[in-house]
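Descriptive analysis of the structure
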Amino acid sequence: MRKFLAILVCKLGHFVGKFIGKGSSMPGQVALKICPDILSRVTLPEHIIAVTGSNGKTSTVEMIAAILRADGRTVVYNEEGSNQIEGVTTMILTHSTFGGRMKADVLLIESDERYAAHSFRYFHPTEFVITNLYRDQLTRNGHPEWVYDAILPAIHPDTLLVLNADDPLSSCFANGHEKVRWFGVNECSISSGTPSGVYHDGAYCPVCKSPMTYDYYHYNQIGAYRCPSCGHAKPKTDFTVTDVDLGSGELTIDGDVRIQLAFRSIYNVYNILAAYSVCRCAGVASETACRVINNYILKNGRMVRFTLGGHRGTLLTSKHENSIAYDTNLRYIRESNTECTVAVIVDAVSRKYFTSETSWLWDIDFAQLDCPHVQRVLLCGRYANDLAVRFSFTGLPQEKLELHPDITEACDSLKRGGSEDLFVVTCFSDRDKLLSQVQREPV
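Residues numbered from 1 in each chain as written. Predicted model: local features only at pLDDT ≥ 70, side-chain atom pairs only at ≥ 80, totals over all residues. Heavy atoms only, no water.

Digging into the overall build of the protein chain
For the protein chain, the helix and strand inventory stands at 13 helices and 18 strands. At 22 Å, the protein chain has a C-alpha radius of gyration in line with the 22 Å of a compact globule built from 443 residues. Structurally, the protein chain occupies a C-alpha span of about 70 × 55 × 40 Å along its principal axes. In the protein chain, which comprises 443 residues, the proportion classed as buried is 59%. Taking the intrachain contacts of the protein chain between residues at least 6 apart in sequence as the baseline, contacts between residues at least 24 apart amount to 72%. When the accessible surface of the protein chain is summed, it comes to about 17,800 Å², and 49% of that surface belongs to carbon and sulfur atoms. Computed over 44 positive and 49 negative side-chain charges, the inter-centroid distance for the protein chain is 7 Å. (Helix = DSSP H or I, 4+ residues; strand = E, 2+ residues; numbered from the N terminus. Rg over C-alpha atoms; globule rule 2.2 N^0.38 Å. Buried < 20%, exposed > 50% of the residue type's maximum accessible area, 1.4 Å probe, protein only. Contact = heavy atoms within 4.5 Å. Areas by Shrake-Rupley, 256 points an atom, 1.4 Å probe, with all protein chains shown as cover. Lys, Arg positive; Asp, Glu negative; His and termini not counted. Charge placed at Lys NZ, Arg CZ, Asp CG, Glu CD.)

A word on the domain arrangement of the protein chain
If you check the domain split of the protein chain, you get domain 1 (42-293) and domain 2 (303-440). Placing the centre of domain 1 and that of domain 2 at their C-alpha centroids yields a distance of 28 Å. Counting residues at the interface gives 26 residues for domain 1 and 24 residues for domain 2. Both faces combined, the contact of domain 1 with domain 2 buries some 1,900 Å², and carbon together with sulfur accounts for 52% of it. Seen at the junction of domain 1 and domain 2, the total is one salt bridge. (Domains from an automatic or database assignment. Buried area = accessible area lost by both parts, 1.4 Å probe. Salt bridge = Lys/Arg side-chain N within 4 Å of Asp/Glu carboxyl O.)

Examining the side chain of Ser54
Along the polypeptide, Ser54 turns up in the loop between strand E1 (47-52) and helix H3 (57-70). Of the polar contacts made by the side chain of Ser54, one reaches the backbone nitrogen of Tyr134; its length is 3.0 Å. Non-local contacts of Ser54, meaning those with residues more than four positions away in its chain, are made with Glu113, Thr131, Asn132, Leu133, Tyr134, Asp136, Lys319 and Asn322. (Polar contact = N/O pair within 3.5 Å; in protein donor to acceptor, adjacent residues only side chain to side chain.)

Observations regarding the packing of aromatic side chains
Evaluated as defined, the whole model comprises 15 aromatic pairs. Seen from their ring centres, Phe366 and Phe391 are 4.6 Å apart, and the 35° between their planes marks the pair as tilted. Of this pair, Phe366 sits in the loop between strand E14 (340-345) and strand E15 (374-380) while Phe391 sits in helix H11 (residues 384-391), and the two are 25 residues apart along the sequence. Pair check on accessibility: Phe366 and Phe391 agree, each one buried. (Phe/Tyr/Trp six-rings, centres within 6.5 Å; stacked < 30°, edge-to-face > 60°.)

Observations concerning a nonpolar patch on the surface
Residues Met1, Phe4 and Phe98 make up a contiguous nonpolar surface patch of roughly 360 Å² in combined accessible area. Mapped onto the fold, Met1 is located in the segment before helix H1 (2-20). (Patch = residues over 30% accessible without salt bridge, like charges linked within 9 Å, V, L, I, M, F, W, Y side chains within 5 Å.)

Some words on the pattern of salt bridges
Using the criterion set out here, one finds 13 salt bridges in the structure. In this structure, Lys57 and Glu113 form a salt bridge, with 3.1 Å as the shortest nitrogen-oxygen distance. Here Glu113 lies in the loop between strand E3 (106-110) and helix H5 (116-119) and Lys57 lies in helix H3, a separation of 56 residues in the sequence. Where Lys209 meets Glu145, a salt bridge forms, and the shortest distance between an N and an O atom there is 2.9 Å.

Remarks on the sheet that holds strand E11 (residues 257-260)
Read from one edge of the open sheet, nine strands run E2-E3-E1-E4-E5-E6-E9-E10-E11, paired in mixed fashion. Each edge of the open sheet is held by one strand with a lone partner, namely strand E2 (75-77) and E11. Taken pair by pair, the neighbouring strands of this sheet meet at an average axis angle of 20°, ignoring direction. Note: strand E5 (residues 160-164) against strand E6 (residues 180-185), four bridges, orientation parallel. Within E6, the position partnered with Leu163 by the bridge is Trp182. (Pairing = 2+ DSSP bridges. Axes fitted to C-alpha atoms, helices over the stretch in contact; angles between N-to-C directions.)

Side note on the packing of H3 against helix H8 (residues 266-281)
At a minimum axis distance of 9 Å, the contact between H3 and H8 shows a crossing angle of 40°. Relative to H8, H3 is oriented oblique. You can see that H3 and H8 cross each other, and the crossing is right-handed. Residues Ser59, Thr60, Met63, Ile64, Ile67 and Leu68 of H3 form the contact with H8, whose participating residues are Asn268, Asn271, Ile272, Ala274, Ala275, Val278 and Cys279. (Parallel < 35°, antiparallel > 145°, perpendicular 65-115°, else oblique. Left-handed = near helix turned anticlockwise from the far one by under 90°.)

Overview of the environment of Tyr219
Here Tyr219 lies in strand E7 (residues 213-219). Sequence separation of Tyr219 and Ser196 is 23 residues, and the distance between their C-alpha atoms is 5.5 Å. Residue contacts for Tyr219: discarding those within four places in its chain leaves Asn132, Tyr134, Ser196, Ile266, Tyr267, Tyr270, Ile324 and Arg331.

Points about the pairing of E7
Of all seven residues that make up E7, five are buried, and the element is covered over most of its length. Of the strand pairs in this sheet, E7 and strand E8 (residues 222-226) are connected by five bridges, and their pairing is antiparallel. By the bridge assignment, Tyr214 is partnered in E8 with Tyr225. The hairpin formed by E7 and E8 contains two residues between the paired strands, and Asn220 there has a positive phi angle of roughly 45°.

So, the nonpolar core
Leu251 and Val269 are the most contacted members of the largest nonpolar core, which has 53 residues in total. It is H8 that provides the largest number of residues to this core, a total of 12 residues. Counting 42 residues, the second-largest nonpolar core is a separate cluster that includes Val76, Leu107, Ile155 and Phe173. (Core = buried A, V, L, I, M, F, W, Y, C linked by side-chain atoms within 4.5 Å.)

Comments concerning H11
Restricting attention to buried positions, one finds in H11 the residues Ala384, Leu387, Arg390 and Phe391. Buried positions in H11, seen along its axis, are confined to an arc of 115° and lie on one side of it. (Arc of directions from axis to C-beta.)

Considerations on the state of the cysteines
This structure, assessed with the given rule, holds zero disulfides. For Cys172, which is in no disulfide, the shortest distance to another cysteine sulfur is to Cys205 and amounts to 6.7 Å. Judged by relative accessible area, Cys172 falls into the buried class, the value being 5%. Of the cysteine sulfurs around Cys227, a residue in no disulfide, the closest is that of Cys208, at 3.5 Å. Using a relative accessible area of 5% as the deciding quantity, one classes Cys227 as buried. (Disulfide = S-S within 2.5 Å.)

Written out as structure tokens, the structure reads:
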């Protein structure tokens, strides 16, 4: 009776919640109060694919869903973005019969890394993708190794782990686990002999804490690592990017699968590879996966084209308080070699809490914008002055910087003149404030 009531209330709550903006997690929260073990009482599909990590979860999940649907599978996933246990419960129950059987071939879950152990308490994924682990929202998450410890209890012995071989911390999940498949990127045009960013989180081995060496880096601590002391090293990969040219937007997987990139970013390379890898593990043919992700344009708003006055603009959305997400977007601008103006907007620090804590700005390598084709940089939003202090340590000429605490005023300034390309770097909370001022275009 409790199971039926929990499903009924969840379905009704989701229907009503869609009209008040609380339809993704609130119904699941109520259902869990009615029947705390409801997730152990429903019949789930044969395939349960989970994705977690510091960055790339939403984009990777979206591409996995697209590939599986092209393969003829019925896929249910948390498109509304709520990725903690309440949101997962809402998703499962609203797609279940009143008898508790999910109507899908595949249950695909984007899981918050800190709460994965709670989401998978009553069931476990058949395939579990872990994209990466690095410093992210430090006020909330603390150290990446703390997040690693939070994920570890969510891993079941029967689960097939699909791991990023290039991440020295994520790769540790394979220790003592028998079922593992690896994805990674070979040394290629994007590789470097030195780490990017203002810090080096790959300096010490996550296993024995001894100094670690690298054959090459792709970004930050992601690359081909080796620990001379304990032997922890990048493993041989099962799914491999064998060549990538971000300039021409071409990607090659396993030597013969060629993909055109709609978004020429190293992030996109890893997200595509993760999606491709787990779908191949789930039995999808490489031709099907390639056809779907070739020139794939994300629907999640991470990248948006728009016009503002005479400017053709590109919105590059970064995760809150995540310096590596910002660094990757700044690298994209630097490597564009297109005369442009850049607007950096920080008007909110978090969607979940208010601390005005901006120390994470100092972890972002804003000095990447110190290049000839960046003509000016607008510092916008409530924290424009914090940005100005940070930028005073980058080496950018002072005459290139403009301060605009009011986002509307910054947009009006851009409308009044100029026709150079415009790149806007901001987070999710601030994205909509900009989009209300511009004319959106298809990517």
